[in-house]
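# Fold and geometry: a report
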Amino acid sequence: MSISQGNILSFAKQLFLALIVYCFLILCLGYEFGSGDQTEFIPLLRDNIVNGYFKKDFFVQNYLLSGHDVRHGVIATCDIGNRFLELNWWLFILHFLSGMVMILGGMAVLGHFTKNKALLVAALCIIWGILYGINLGSNEIYYAQLLPSLLAKSCLIWAIYFYIKNKITIWPAFVILGSYWQDMAAIQVFLLLTGSNFIVFFLPWLRRKVSFKNLFKQINLLPNFVFLGYVIIFIFLKAGLLTSNNTTDSKPLIDILMWRVGHHFDPALYSLRNYLTFGFVVIPSLFLIYKRNMRIFVFCILALTGCLIYALLYQVFPQIIMTQWFKTTIWVKLLCFGALFIYTMEFIFLMFGKQRKLNVQAALLTGLLALGIYKGPLHDVPYQLPFTKAQTDDEVSIALLARQKTAKDALFLIPPDNSTFKIWSKRSCFVDYKSTVFDSRVLEDWLSRITLVYGISLSDQGGLLAYPKMRARYKDFLQSPTNLNKIVVTHFITEEVLPQYTLLGEAGRWRLYKVK
């Protein structure tokens, strides 16, 4: 067999294993389309703008007027395929491709701990599937829907791999590519890998194994000049984001962000369970990693040190939240959870011996499948795949009814926790709780609208904890037609029976009303 044939077979095997992981993640976490964070970019697609949708939508119009390009990458990527395919199919294809690239990258990264393919598959299934949600800051590497971060992290994980391989001329290219879809994640990884490279470079001198003079004699100039070129390119591309001050006062921006998305930014809001789980796994993992791979160890220590500085300073220096540094723990989770699981299983294999190793592996994979079924189908996770008929829930049905029954220029009020309506109805909203433009002037206007319709302010609980009060206040606000006439809203959806308005239709528990 020739080398090329061997390489092809090896790559085919890797693809097959990655496909197994992807299918398990779909089983375990489901797949979502047309809701959640997608409401922050699907309405901005060219097809919607050109066809005159969302002309009165608060989020869409303010995003377009702000000149921000933070979502440009995902919008342009979605626009490419949306010209030829239905959006749900194109987004699934993107999810599949980026998911497969990400899984192959995860297997390559964890491959520094073992060559056992079954353990690599099991590790990713556990970390990204079974342990989904065990994190600090409500962030993950893999998501069950197409998001900008999924596209970006499918590149960034390969940057980490090439950093571990000490390919200083390669990993920055993957960071720059990832930054096309998500700036902040790319900047975080860029800072981590650059800092880690410097620390690893100076480690022999710090350990007094090499003199300072001899240390620099070992430098290969060409790769470092290439690396410097990447650094200049990256800084040039991201200079606007790193240095811009698009607000006259950053305090309102920070106050509102801490209130709205504190579950991402405020370490005091992270659950004790997650802190304990993280500590229980990360501390012993770091000892194992220290003895086996110094580059991975330095990377993890640098990320965790940044988190400690963030946690100590964010109350006295709130601007530090703009770094969103706790999001870097997603990479620590992958590396530390992966290392501990792999080394533990290899120790168990040694205890059972070679003859019973296959039985242990079979039991492990069977147990994983059972856990995936329990976490997925038995807990009613959504499987909104394009080749299924899953897009028939009440939220989608009422949105489609609104598109059928109302004009393009209709202006809606929607419940605070409904992120489905805007995408499927293609109708403008007076305000929605999910979509935000990161500009203090826009956010202050957004908050005033939120306070008016949903009855909460910065003095109330924010984030996910705000939903119960907002739902109750929304019901109260709809009772008076005067409230709606003041803000020139033409329609709304609710679960309530309100005879003072014109009922246009029903879908399940939802009702569509026109303001008289």
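Residues numbered from 1 in each chain as written. Predicted model: local features only at pLDDT ≥ 70, side-chain atom pairs only at ≥ 80, totals over all residues. Heavy atoms only, no water.

### Considering the overall build of the protein chain
Formally: Helix and strand assignments follow DSSP, with helices taken as H or I runs no shorter than four residues and strands as E runs no shorter than two, numbered in order from the N terminus. Any residue under 20% of the maximum accessible area for its type is buried, any over 50% is exposed, and the rest in between are partly exposed; the area is computed with a 1.4 Å probe on protein chains only. In what follows, residue pairs with any heavy atoms lying within 4.5 Å of each other are defined as contacts. Surface accessibility in these figures is a Shrake-Rupley result with a 1.4 Å probe; residues are shielded only by whichever protein chains are displayed.
Per the secondary structure count, the protein chain includes 21 helices and 5 strands. With 516 residues in all, the protein chain has 53% of them scored as buried. The contacts in the protein chain between residues at least 6 apart in sequence include a share of 68% that link residues at least 24 apart. Carbon together with sulfur atoms contributes 64% to the accessible area of the protein chain, which is approximately 24200 Å² in total.

### Thoughts on the nonpolar core
Note the following rule: By nonpolar core we mean a set of buried residues, namely Ala, Val, Leu, Ile, Met, Phe, Trp, Tyr and Cys, connected to one another through side-chain atoms within 4.5 Å.
Of all hydrophobic cores here, the largest spans 170 residues; its most connected members are Leu91, Trp128, Leu413, Trp446 and Phe492. The element that contributes the greatest number of residues to this core is helix H16 (residues 329-375), accounting for 17 residues.

### Considerations on the pairing of strand S3 (residues 491-494)
Applied cut-off: Only strands joined by at least two bridges in the DSSP assignment are considered to pair.
Burial along S3 is two-sided: His491 and Ile493 and Phe492 and Thr494, pointing in opposite directions, are all buried. Here strand S1 (residues 411-413) pairs with S3 via 2 bridges, running parallel. Paired with Leu413 across the two strands is Phe492, which belongs to S3. Here S3 pairs with strand S5 (residues 510-514) via 4 bridges, running antiparallel. Within S5, the residue paired with His491 across the bridge is Lys514.

### Quick notes on the confidence of the model for the protein chain
Using the following cut-off: Known as pLDDT, the predictor's confidence for each residue is given on a scale from 0 to 100.
Confidence along the protein chain averages 87 in pLDDT terms, with 88% of residues attaining 70 or more. Ignoring residues within four places in sequence, the model shows residues 242-248, a span with pLDDT below 50, making 9 contacts including any to other chains.

### Let's talk about the pairing of strand S4 (residues 502-507)
Relative to S5, S4 runs antiparallel, the two sharing 5 bridges. Among the inter-strand pairings, Glu506 is bridged to a residue of S5, identified as Arg511. The antiparallel pairing of S4 with S5 creates a hairpin that spans 2 residues between the two strands, and Gly508 there sits at a positive phi of about 60°.

### So, helix H3 (residues 58-66)
Helical geometry note: an α-helix holds 3.6 residues per turn, so side chains three or four residues apart project in the same direction. Considered for burial, the residues of H3 that qualify are Phe58, Phe59, Val60, Asn62 and Tyr63. Close packing links the buried residues of H3 with helix H2 (46-50), helix H4 (72-82), helix H18 (421-425), strand S2 (428-429) and helix H19 (440-454).

### Observations concerning the packing of aromatic side chains
We count it as follows: Here the aromatic set is Phe, Tyr and Trp, taking the six-membered ring for Trp, and pairing holds for ring centres within 6.5 Å; pairs whose planes are under 30 degrees apart are stacked, those over 60 apart are edge-to-face, and all others are tilted. Should the NZ of a Lys or the CZ of an Arg lie within 6 Å of a ring centre and within 35 degrees of the ring normal, that charge is described as sitting over the ring.
On inspection of all chains with the given rule, the structure shows 30 aromatic pairs. A ring pair is formed by Tyr180 and Trp181, whose centres lie 5.4 Å apart and whose planes are at 80°; its orientation type is edge-to-face. Both rings, one in Tyr270 and one in Tyr275, keep their centres 6.1 Å apart while their planes meet at 35°; by these two values the pair is tilted. Note on Tyr270: relative accessible area 8%, which makes it buried. Lying over the aromatic face of Tyr163, Arg295 brings its terminal NZ or CZ to 4.5 Å of the ring centre. Positioned over the ring face of Tyr53 is Lys408, at 5.0 Å from the centre of the ring.

### Focus: the pattern of salt bridges
Operational definition: Salt bridge, as applied in this entry: a Lys or Arg side-chain nitrogen positioned within 4 Å of an Asp or Glu carboxyl oxygen.
Taken as a whole, this structure holds 13 salt bridges when the rule is applied. The residue Lys434 makes a salt bridge to Asp37 at a minimum N-O spacing of 2.8 Å. One end of the pair, Lys434, is in the loop between S2 and H19; the other, Asp37, is in the loop between helix H1 (3-29) and H2, and 397 residues separate them in sequence. Judged by its relative accessible area of 26%, Lys434 is partly exposed. Of the charged contacts, one joins Glu495 and Arg509 as a salt bridge, the two residues approaching to 3.5 Å between their closest N and O atoms.

### Concerning the side chain of Thr436
The residue Thr436 is located in the loop between S2 and H19 in this model. With relative accessibility at 9%, the residue Thr436 sits in the buried group. When residues no more than four places from it in sequence are discounted, the contact partners of Thr436 are Glu40, Phe59, Arg71, Leu443 and Trp446.

### Looking at a positive patch on the surface
Stated formally: Only residues whose relative accessible area exceeds 30% and that form no salt bridge enter a patch; like-charged residues are grouped when within 9 Å of one another, and nonpolar side chains (Val, Leu, Ile, Met, Phe, Trp, Tyr) when within 5 Å. Charged residues are defined here as Lys and Arg on the positive side and Asp and Glu on the negative side; His and the ends of the chain fall outside this count. To locate a charge, the coordinates of NZ of Lys, CZ of Arg, CG of Asp or CD of Glu are taken.
Taken together, the side chains of Lys13, Lys115, Lys117, Lys165 and Lys167 define a basic patch exposed on the protein surface. Looking at the element boundaries, Lys13 is found in helix H1. Classification of Lys13 by relative accessible area gives partly exposed; the value is 48%.

### What to know about the environment of Phe278
You can see Phe278 is positioned in helix H14 (residues 272-292). Judged by relative accessible area, Phe278 falls into the buried class, the value being 4%. In sequence terms Phe278 and Leu136 are 142 residues apart; their C-alpha atoms lie 8.1 Å from each other. Other than its neighbours up to four places away in sequence, Phe278 contacts Ile134, Asn135, Leu136, Thr329, Val332, Lys333 and Phe337.

### Quick look at the packing of helix H7 (residues 148-164) against helix H15 (residues 294-313)
Counted only if it meets this: Angles shown run from 0 to 180 degrees and are taken between the N-to-C directions of axes, each axis being a line fitted to C-alpha atoms and, for helices, limited to the stretch in contact. By the definition adopted for this analysis, an angle is roughly parallel if under 35 degrees, roughly antiparallel if over 145, roughly perpendicular if from 65 to 115, and oblique otherwise.
Running from N to C, H7 and H15 cross one another at 130°; their axes reach a closest spacing of 9 Å. Classified by the interaxial angle, the pair formed by H7 and H15 is oblique. In this structure, H7 contributes Ile160, Tyr163 and Ile164 to the contact, and H15 contributes Arg295, Ile296, Val298 and Phe299.

### Overview of unusual backbone geometry
Positive phi values are uncommon outside glycine, yet Gln324 reaches one of about 50°. The topology assignment puts Gln324 in the loop between H15 and H16. For Gln324, a relative accessible area of 14% gives the class buried. Phi at Lys426 is positive, roughly 55°, even though this residue is not glycine. Turning to its location among the elements, Lys426 is positioned in the loop between H18 and S2.

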